[in-house]
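Observations on the model geometry
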Amino acid sequence: MAITLVTIGHVLNETIVFADGRRKGPVLGSPAAYSSVVTARLGVKTGIVTLIGSDAPGGLLEPLKDAGVDFEGVSSEDVTTTNELVYDSDGNKELRYLRQASPITTGDIPETYLKSRAFYICPLNYEVSLDTVDEVSGWGKIMATDLGGYGGVHVNQKTLSQNRMNPSELKELIGLFDIVKASDEDCRLLFSGEKISEEESASRLVDCGADIGIITMGEKGSLVFTRKEKYHVPAIRGKVIDVTGGGDSYMGGFLTEFIRSGDPWKSAVFASAVALCVIEGTGGVRALRMPTEDEARERIPKVIEPRLV
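These numbers come from a predicted model, not from an experiment.

When the charged atoms of two side chains lie near each other, side chains of opposite charge can form a pair. Scanning all chains against the criterion turns up 13 salt bridges. Its salt-bridge partner being glutamate 84, residue arginine 23 comes within 2.9 Å of it at the nearest N-O pair. One end of the pair, arginine 23, is in strand β3 (residues 23–29); the other, glutamate 84, is in strand β6 (residues 82–87), and 61 residues separate them in sequence. The exposed category is assigned to arginine 23, whose relative accessible area is 53%. For arginine 227, the salt bridge identified is with aspartate 211, shortest N-O distance 2.6 Å. Of the two residues, arginine 227 sits in the loop between β12 (222–225) and β13 (230–233) while aspartate 211 sits in the loop between α7 (198–207) and β11 (212–216), which places them 16 residues apart along the sequence. Residue classification places aspartate 211 among the partly exposed positions, given a relative accessible area of 36%. A network of salt bridges, in which partner residues are shared, links Glu257, Arg260, Glu293 and Arg297.

Mapped onto the elements of the fold, serine 183 is located in strand β10 (residues 179–183). The class of serine 183 is buried, set by a relative accessible area of 10%. Beyond its immediate chain neighbours, meaning those up to four positions away, serine 183 contacts Ile215 and Thr216.

If you trace the ten strands from one edge of the open sheet to the other, you get β5-β4-β1-β8-β9-β10-β11-β12-β13-β14, paired in mixed fashion. Each edge of the open sheet is held by one strand with a lone partner, namely β5 (74–77) and β14 (307–308). Contacts from α7 reach β10, β11, β12 and β13 within the one sheet, and its direction differs from that of β11 by about 150°.

The subject of this paragraph is the side chain of asparagine 83. Mapped onto the secondary structure, asparagine 83 falls in strand β6. Look at asparagine 83 and you get buried, because its relative accessible area is 1%. Among the polar contacts listed, one links the side chain of asparagine 83 to the side chain of glutamate 14, at a separation of 3.2 Å. With near-sequence residues (within four places) excluded, asparagine 83 lies in contact with Leu12, Asn13, Glu14, Thr15, Leu95, Arg96, Tyr97 and Leu98.

Conventions used here
- Residues numbered from 1 in each chain as written.
- Predicted model: local features only at pLDDT ≥ 70, side-chain atom pairs only at ≥ 80, totals over all residues.
- Heavy atoms only, no water.
- Salt bridge = Lys/Arg side-chain N within 4 Å of Asp/Glu carboxyl O.
- Helix = DSSP H or I, 4+ residues; strand = E, 2+ residues; numbered from the N terminus.
- Buried < 20%, exposed > 50% of the residue type's maximum accessible area, 1.4 Å probe, protein only.
- Contact = heavy atoms within 4.5 Å.
- Pairing = 2+ DSSP bridges.
- Axes fitted to C-alpha atoms, helices over the stretch in contact; angles between N-to-C directions.
- Polar contact = N/O pair within 3.5 Å; in protein donor to acceptor, adjacent residues only side chain to side chain.

Below, the structure is given as structure tokens:
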């Protein structure tokens, strides 16, 4: 069966450090890992393009295998990207990188993946360059990205000044994608100094060329803007245990529904349900932490209407 969705980005050998000092790990992490396992569990044939070294703990990639993610795009590398994900008492997070794998290029993408319908490029720390994105965008697929790895919360803040894209580069990057997601935390870093609202940030993504701009805002829900409509999608309430991976799982849910329906509103509602299912558990990327399609749809309220901004 042909691959439908390809995720591109480093996987993480991650230790989660909570505000109360508790440590969880090492576990599998990263946007690419979370979104791949989520989409595979939701029934989308998913492949991942990533690099992993011999220093990885045994079984690190087992959650990907358990979910049925295709491994043809996993390449050997000297080191595995390794980090600590540290939360403060306000829920803010910092990624402290201990080791980082090499950049990912189009040469790492298997030829069989070129038949896929969509590419989700979700780096941690600029490992997928603007030139690589430009080349992939020429293949005529649905293109989606998470800006967290292009100047947002996923990047190494200590070296951000060396890698930060200038406004014209960021605009060029955004314009190469159909769907662009950023968290409210990402926006405060990406548009630092401008003090723009979440609504203005969503509009900025569309103004820069994206067909759909998404801003995730935690318990405040999400914004989904197109050139014609601007939606606020409320968060679906539940018992939150661990928000790690919530935004990545949201995007996995969004892309799953969008590939099937092409409807941004339906995709965002489904994404909210998927994210809730994930943050009601903990333990990093685990196949059984991620919902099946039926489990996610059960969490969607019977009445939920579009709320125009």
